[in-house]
There are 2 protein chains.
Amino acid sequence: MTNRPLILISNDDGVQAQGIKVLTALMQGLGDVIVVAPDGPRSASACSISPLSTITIRLLMEEDGLKVYQCSGTPTDCVKLALDGLLTRKPDLVVSGINHGDNASVSVQYSGTVGAALEACMKQVPAIAFSLKTKSLQCDFSPYEEVIMQTARYVLEHGLPQDVLLNVNFPEVPVLKGTKVCRLSRGAWRKEMVEAGVNAYRLSGYFENLEPEADDTDYWALDHGFASITPIQLDMTAYRVMERLRGEILKG
Amino acid sequence: MTNRPLILISNDDGVQAQGIKVLTALMQGLGDVIVVAPDGPRSASACSISPLSTITIRLLMEEDGLKVYQCSGTPTDCVKLALDGLLTRKPDLVVSGINHGDNASVSVQYSGTVGAALEACMKQVPAIAFSLKTKSLQCDFSPYEEVIMQTARYVLEHGLPQDVLLNVNFPEVPVLKGTKVCRLSRGAWRKEMVEAGVNAYRLSGYFENLEPEADDTDYWALDHGFASITPIQLDMTAYRVMERLRGEILKG
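First things first, this report covers the structure right here in the doc. Fair warning: this is a prediction, and the values are worked out from it, not measured in the lab. (Residues numbered from 1 in each chain as written. Chains lettered and ligands numbered in written order. Predicted model: local features only at pLDDT ≥ 70, side-chain atom pairs only at ≥ 80, totals over all residues.)

Section: the relation of the copies chain B and chain A
Formally: Here the copies are matched by least squares. The fit uses the C-alpha atoms of residues with pLDDT of at least 70 in both. Note on contacts: residues are paired as contacts if their backbone-placed C-beta atoms lie within 7 Å.
Between the two copies, chain B and chain A, the superposition gives an RMSD of 0.0 Å; the rotation angle is 180 degrees and the shift along the axis is 0.0 Å. Expressed as a symmetry operation, the mapping of one chain copy onto the other fits a two-fold axis. Of all interface residues in chain B, 100% are interface residues in chain A too; the two copies therefore contact each other through one and the same surface.

Below you can see the structure in the form of structure tokens.
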């Protein structure tokens with residue numbers, strides 16, 4: 001038995017990714033750590049789960065205060081399995097990442113990194129998703145360690161509001177200009193399908209920020225050298241349009 | 001050339017599912033229809049996409065005002081491919097479903113049916129997800145046809161607010177009591193992992209409505225014989241907690 005916090009870690013780049021190893025080393029400074037992460041890359045798996053498959057796990061490492069499992073499923077499967085099968089007590093914190101590639105704006109909808117954090121949030125466990133805006137598989141994560149530790153310590157101490165998680169993104173810079181709490185930017189991916197033969201396509205494309213002038217968004221923060229912290233809520237109900245719809249649709 | 005509306009249809013149960021065939025027949029009454037749907041079941045694929053795969057398509061049927069493609073990707077891949085590869089003009093409406101199984105409460109996070117509609121919404125195309133609370137692969141969809149047509153006609157005529165889609169769920173009843181515009185219920189899936197051998201698991205479980213007494217939720221509507229219409233917004237920012245986080249996290 002221990003009184004140290006229990007911290008569950010997952011990601012969508014797979015258990016061997018550099019980002020999750022850095023995050024694991026950092027979290028060991030704050031508590032006992034269990035890693036349950038996919039056995040390979042699962043980028044853009046969102047909150048998908050694997051109802052048609054058998055999900056297998058393998059214990060890769062066990063030492064004092066650290067267990068590392070790889071799992072054949074998605075990031076969300078990993079968190080479900082940890083919370084409902086592997087752990088004997090509820091974790092105090094779930095962290096996901098550090099993703100290689102940002103998860104700002106609409107990319108939160110596609111992100112397996114955010115998906116793992118959403119799953120924890122649905123189960124009333126405080127959760128943080130960390131992502132770095134990079135295209136590299138090997139990066140220097142040291143500029144972001146202080147914000148990661150500060151955010152994790154804050155959540156361990158204070159918790160988070162019900163049904164809310166934190167989505168943290170970093171720009172790839174040698175020194176952060178600071179940290180901003182900001183909203184998701186409006187944006188969209190463009191030119192996403194590239195022909196790859198007869199009746200065959202590959203995903204590609206670029207992200208377009210639809211409000212580049214707005215200085216209160218996550219994309220603005222990243223574009224200007226700041227870390228962004230965006231609180232994300234589970235409840236996607238568009239309350240502001242409900243009355244109007246009631247008046248218009250239901251009257252036929 | 002035609003002046004009829006162009007309606008794109010997808011789902012997550014696959015192109016051969018009964019629900020999408022019923023929806024296709026209904027939508028042919030409103031416009032020209034193109035179906036781009038997965039080649040098999042993709043339940044619980046959320047907004048996942050397939051960045052590591054080649055995505056292939058096959059034209060299954062072409063007749064006046066109707067084209068049907070099957071696609072090797074996820075529901076979201078299907079919508080991306082249609083909007084960015086197959087269609088020569090932007091559709092007037094995207095409809096997804098009719099899903100065999102409800103997509104109310106937190107199930108919107110896992111749903112490929114809703115994922116397809118979210119993708120359309122991100123691309124500024126009005127979208128509706130339709131789902132039936134059933135466990136059957138063969139159902140009588142006739143009790144829901146009137147609400148489906150009424151909702152689709154409304155959206156074709158009026159559009160939807162920016163970055164908002166409609167999530168419509170039906171209870172399995174011979175006669176609907178009516179239709180309610182309602183919010184997502186708070187809820188969670190329980191006991192989701194069943195052991196299936198050494199280090200092997202299968203997804204299972206049951207849904208728990210965390211606020212069964214609240215009469216303004218989608219689950220309440222379904223439990224009481226009503227169709228539910230819930231407006232869902234892309235923007236998941238938890239605005240209500242931003243000020244507090246600014247004050248607390250950033251001061252360290």
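Continuing now.
Topic: unusual backbone geometry
Note the following rule: Per the convention used, a helix needs a DSSP run of H or I reaching at least four residues, while a strand needs a run of E reaching at least two, with both numbered from the N terminus. Comment: burial labels come from other C-beta atoms within 10 Å of the residue's own C-beta, placed from the backbone, where a count of 20 or more is buried, 12 or fewer is exposed, and between is partly exposed.
The omega torsion across G97 of chain A and I98 of chain A is -10 degrees, close enough to zero to call that bond cis. Structurally, I98 of chain A can be placed in strand β5 (residues 93-100). In this structure, K191 of chain B is a non-glycine residue whose phi angle is positive, near 50 degrees. Among the structural elements, K191 of chain B can be located in the loop between β9 (187-190) and β10 (193-195). Among the residues examined, K191 of chain B registers 10 C-beta atoms within 10 Å and is labelled exposed.

Looking at the interface of chain B and chain A
For the record, the criterion: The residue classification treats Ala, Val, Leu, Ile, Met, Phe, Trp, Tyr, Cys and Pro as nonpolar and Asp, Glu, Lys and Arg as charged. All others, Gly included, are polar. In short, DSSP must find at least two bridges between two strands for them to pair.
Contact with chain B, which involves 67 residues of that partner, is made by 67 residues of chain A. The dominant element in the side of chain B that touches chain A, judged by the number of residues it contributes, is strand β13 (residues 226-233) of chain B, at 5 residues. When grouped by side-chain class, the residues that make up the side of chain B that touches chain A number 38 nonpolar, 18 polar and 11 charged. In this sheet, strand β11 (residues 200-203) of chain B lies alongside strand β3 (residues 55-63) of chain A in antiparallel orientation, the contact comprising 2 bridges. When the bridges of β11 of chain B are listed, T56 of chain A appears paired with A200 of chain B.

Quick notes on helix α4 (residues 112-122) of chain B
Residues and elements named next belong to chain B. The buried fraction of α4 amounts to 11 of the 11 residues, a majority that puts the element mostly inside the structure. G112, T113, V114, G115, A116, A117, L118, E119, A120, C121 and M122 are the residues of α4 that are buried. With its phi angle positive at about 65 degrees, Q124 sits one or two positions after the end of α4.

These values are about where atoms sit, not about what they do.
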